[in-house]
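Spelled out, the chains give:
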Amino acid sequence: MSHREHPGPDVLLRFLRGEAALAESSTVVRHLLTGCRECLAVTRPVWELAEQKPEPLAIYQRKGSSRTGRMEASR
């Protein structure tokens, strides 16, 4: 695949899932670095989702949550 050719949807999906082979991933990265608007539009939402860092204990920190009491009791 040349840098002008788009990776196929199956290749992009494997890449985004972290399932692509090293050579395949390298090809996709090189393609994205060319600034391909179409492929960046496909991958950007996944990158943005991955960048969000939810509080892992947020569910336990809600006021009135029965889980909060259990966590505090176990300390």
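Since the model is a prediction, treat every value here as computed from it, not as a measurement.

Rules used throughout
- Residues numbered from 1 in each chain as written.
- Predicted model: local features only at pLDDT ≥ 70, side-chain atom pairs only at ≥ 80, totals over all residues.
- Heavy atoms only, no water.
- Helix = DSSP H or I, 4+ residues; strand = E, 2+ residues; numbered from the N terminus.
- Contact = heavy atoms within 4.5 Å.
- Salt bridge = Lys/Arg side-chain N within 4 Å of Asp/Glu carboxyl O.
- Axes fitted to C-alpha atoms, helices over the stretch in contact; angles between N-to-C directions.
- Parallel < 35°, antiparallel > 145°, perpendicular 65-115°, else oblique.
- Nonpolar A, V, L, I, M, F, W, Y, C, P; charged D, E, K, R; others polar.
- Core = buried A, V, L, I, M, F, W, Y, C linked by side-chain atoms within 4.5 Å.
- Buried < 20%, exposed > 50% of the residue type's maximum accessible area, 1.4 Å probe, protein only.
- pLDDT = per-residue confidence, 0-100.
- Arc of directions from axis to C-beta.

Undergrad: Explain the side chain of Ser 25 here, please?
TA: Relative to the assigned elements, Ser 25 resides in helix α2 (residues 22-33). Among residues more than four places away in sequence, those in contact with Ser 25 are Phe 15 and Ala 20.

Undergrad: Explain the pattern of salt bridges here, please?
TA: Any two side chains of opposite charge can pair if their charged atoms end up close together. Per the counting criterion, the structure on display carries two salt bridges. Of the charged contacts, one joins Arg 14 and Asp 10 as a salt bridge, the two residues approaching to 3.7 Å between their closest N and O atoms. Residue Arg 14 and its partner Asp 10 are both found in helix α1 (residues 9-17); the two are separated by four residues, about one turn of the helix. Connected via shared salt-bridge partners are Asp 10, Arg 14 and Glu 24.

Undergrad: What's the story with the packing of α1 against α2 in this structure? I'm lost.
TA: How two helices pack is summed up by the angle between their axes together with the distance between the axes. Closest axis-to-axis distance for the α1/α2 pair is 10 Å, and the angle between their directions is 100°. Judged by the inter-axis angle, α1 sits roughly perpendicular to α2. Contacts from Val 11, Leu 12, Arg 14 and Phe 15 in α1 reach Glu 24, Ser 25, Val 28, Val 29 and Leu 32 in α2. Among the residues making up the contact of α1 with α2, the classes are represented as six nonpolar, one polar and two charged.

Undergrad: Is there a simple way to think about the nonpolar core in this case?
TA: One broad rule of soluble globular proteins: the nonpolar side chains tend to lie buried together. One finds Val 11, Leu 12, Phe 15, Ala 20, Val 28, Leu 32, Cys 36 and Cys 39 forming the largest nonpolar core, which totals eight residues. Elements with a contribution of two residues or more to this core: α1 and α2. The element contributing the most residues to this core is α1, with three residues. Not counting the four nearest positions on each side in its chain, Ala 20 is found in contact with Arg 14, Phe 15 and Ser 25.

Undergrad: Before we go on, may I ask you to explain the confidence of the model for the chain in this structure?
TA: Summary statistics for the chain give a mean pLDDT of 78 and a share of 64% for residues scoring 70 or more. Element-level mean pLDDT values for the chain span from 50 in helix α4 (residues 66-74) up to 94 in α2.

Undergrad: Could you clarify how one ought to interpret α1 in this entry?
TA: Since one α-helical turn is 3.6 residues long, residues separated by three or four positions face the same way. Within the span of α1, buried status applies to Val 11, Leu 12 and Phe 15. Projection of α1 onto a plane perpendicular to its axis shows the buried side chains occupying an angular sector of 100°, all on one side. Exposed side of α1, more than 90 degrees from the buried face: Pro 9 and Arg 17 are the residues found there. Of the surrounding secondary structure, the elements contacted by the buried residues of α1 are α2 and α3 (37-51). Looking at the residues trailing α1, positive phi occurs at Gly 18, about 75°.

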